[in-house]
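Listed here are the chains, written in short residue letters.
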Amino acid sequence: MTPQQLVEAHGVRLRPFRADDAADVVDGCADPVSQRFVPNLPTPYTETDARWWIESGAPAAWTGGGAAYAVADPATDRLLGGIGLNNPAPDRGQSEIGYWVRPGARGRGVACAATRALSEHAFATGTVRLELLTDPENGPSQRVALAAGFRYEGVRRAAGPSRGGGRRDLLAWVRLADDPPGPTARLLPDLPGGVLTDQVVALRRLAPDDAELMYRLHSRPEVVANQAPPVPPERAAIERRCRLAESGWLTGDIARLLITDLATGEPAGSCGLSYTDVASGEASLGYALLPDWRGRGYATRAVRLLAGWAFGPVGIARLVAGTVPENRASHRVLERVGFHREALQRARLPGLAGTRLDDLTFALLPADLR
């Protein structure tokens, strides 16, 4: 590819950067979102930095075997963002694709359109494999990858620099030349309308702002006692769990949800669903309630809602729930939903000081759901 080539597809134009793009480059690269997820950007990002990129940085990308395109509106030719190919490995037919979008152009599908357009152009000109690396906390970028036909491949540990020093993990999303264009099917689809409700309780995806509540809930002695191992969580781990809730959903690792009272919006607890065996269609669920909401049937309602979603849009064939044998309150919740006691697995779970805990397993099939 050469910088003179234009790519126009999917409602965007990919063209070389021009001198009159400088103000728009600053608008995109000085933005807090770009600064957070692209740690090698200068801070503050100024017009001098933009002119260096246009005059030297972008041409150098082409010289090094990559590409650096401005993403423009085909109707006005005004810059909407940037996209490019870097770290080319010609012997493997591989490149990395990366992009940024100006704040005013976000939410319009620009990043996805540009990613699809450049991916198709790269495959047509000899590339076999494209990688798209995202920060684990950058849910919007992960959604772009999925919408553009990329598949989650795993975690690249310490693969990128962190602003202020250190290293950070990156998630790898990959598309091959013979893959379908997208969107990529997900193991855990979004909730319909963003919420599950029976008009009494409501379930929504866990969010970063839920960290304080989640720490308070999962630090309670009775909640700690019913997990394995029974060790209170660290606040930093709970905060990270909440920040990564969307990513866990998008990668198919786990769906973490907050249980709320529909009438007041007050949080009542949390629940979650994760696959135990994707090939056989089996998943497990768990839940916990704050004391003020116990004894009202909220746990039963939440588990019933979660099971209905699992058997419906998710396509799960079998649900399991593991409990410590002494947790009779949890057993009653499961039985009211339709779960059957299935097995006592002796010493299956880690306890304290080298001890082991029994695991009483319950199972639910679609026909069992009450």
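Scroll up to find the structure this text is about.
Residues numbered from 1 in each chain as written. Predicted model: local features only at pLDDT ≥ 70, side-chain atom pairs only at ≥ 80, totals over all residues. Heavy atoms only, no water.

Quick look at the side chain of Arg-129
Moving on, step 1. Residue position: Arg-129 is located in strand β6 (residues 129-134).
Moving on, step 2. A distance of 2.7 Å separates a polar atom in the side chain of Arg-129 from a polar atom in the side chain of Glu-153.
Moving on, step 3. Excluding residues within four positions of it along the chain, Arg-129 makes contact with Gly-93, Gln-94, Ser-95, Phe-123, Glu-153, Val-174, Arg-175 and Leu-176. (Helix = DSSP H or I, 4+ residues; strand = E, 2+ residues; numbered from the N terminus. Polar contact = N/O pair within 3.5 Å; in protein donor to acceptor, adjacent residues only side chain to side chain. Contact = heavy atoms within 4.5 Å.)

Examining the nonpolar core
Moving on, step 1. Grouped together as the largest cluster of nonpolar side chains are 50 residues, with contacts concentrated most on Leu-203, Leu-273, Leu-285, Trp-309, Leu-319 and Phe-339.
Moving on, step 2. Counting residues per element, this core draws most heavily on helix α10 (residues 298-314), which supplies 11 residues.
Moving on, step 3. In this view, Leu-285 contacts Gly-272, Leu-273, Val-303, Leu-306, Leu-319, Val-320, Ala-321, Leu-334 and Phe-339; residues no more than four positions away in its chain are not counted.
Moving on, step 4. Formed by 47 residues, the second largest nonpolar core is a distinct cluster that contains Val-7, Ala-70, Leu-79 and Leu-130. (Core = buried A, V, L, I, M, F, W, Y, C linked by side-chain atoms within 4.5 Å. Buried < 20%, exposed > 50% of the residue type's maximum accessible area, 1.4 Å probe, protein only.)

Structural notes on the pattern of salt bridges
Moving on, step 1. In this structure the tally under the stated criterion is 31 salt bridges.
Moving on, step 2. Between Arg-143 and Asp-190 there is a salt bridge, and its shortest N-O distance comes to 2.9 Å. With Arg-143 in helix α5 (residues 139-147) and Asp-190 in the loop between β8 (167-176) and β9 (196-197), this residue pair connects regions lying 47 residues apart in the sequence.
Moving on, step 3. You can call Arg-143 partly exposed: its relative accessible area is 27%. (Salt bridge = Lys/Arg side-chain N within 4 Å of Asp/Glu carboxyl O.)

Regarding the sheet that holds strand β3 (residues 67-72)
Moving on, step 1. Judged by pairing direction, the sheet is mixed, and its eight strands sit side by side in the order β1-β2-β3-β4-β5-β6-β8-β7 without closing on themselves. The open sheet has two edge strands, β1 (7-9) and β7 (151-161), and neither has a second partner. Sheet twist, expressed as the mean angle between neighbouring strand axes with direction ignored, is 30°.
Moving on, step 2. Sheet topology places β7 next to β8; seven bridges connect them, and they run antiparallel. Each residue of the ladder has a partner; that of Pro-161, found in β8, is Arg-167.
Moving on, step 3. Against the sheet, helix α1 (residues 22-29) contacts β4 (79-89) and β5 (94-101), and its axis sits at roughly 95° relative to β5. (Pairing = 2+ DSSP bridges. Axes fitted to C-alpha atoms, helices over the stretch in contact; angles between N-to-C directions.)

Section: the sheet that holds β9
Moving on, step 1. Across the sheet, which stays open at both edges, the eight strands sit in the order β9-β10-β11-β12-β13-β14-β16-β15 with mixed pairing between neighbours. Edge positions in the sheet fall to β9 and β15 (340-350), since each has one partner strand and no second.
Moving on, step 2. Here eight bridges tie strand β12 (residues 267-277) to strand β13 (residues 282-289), and the two strands are oriented antiparallel to one another. Bridging from a neighbouring strand, Leu-273 pairs with Leu-285 of β13.

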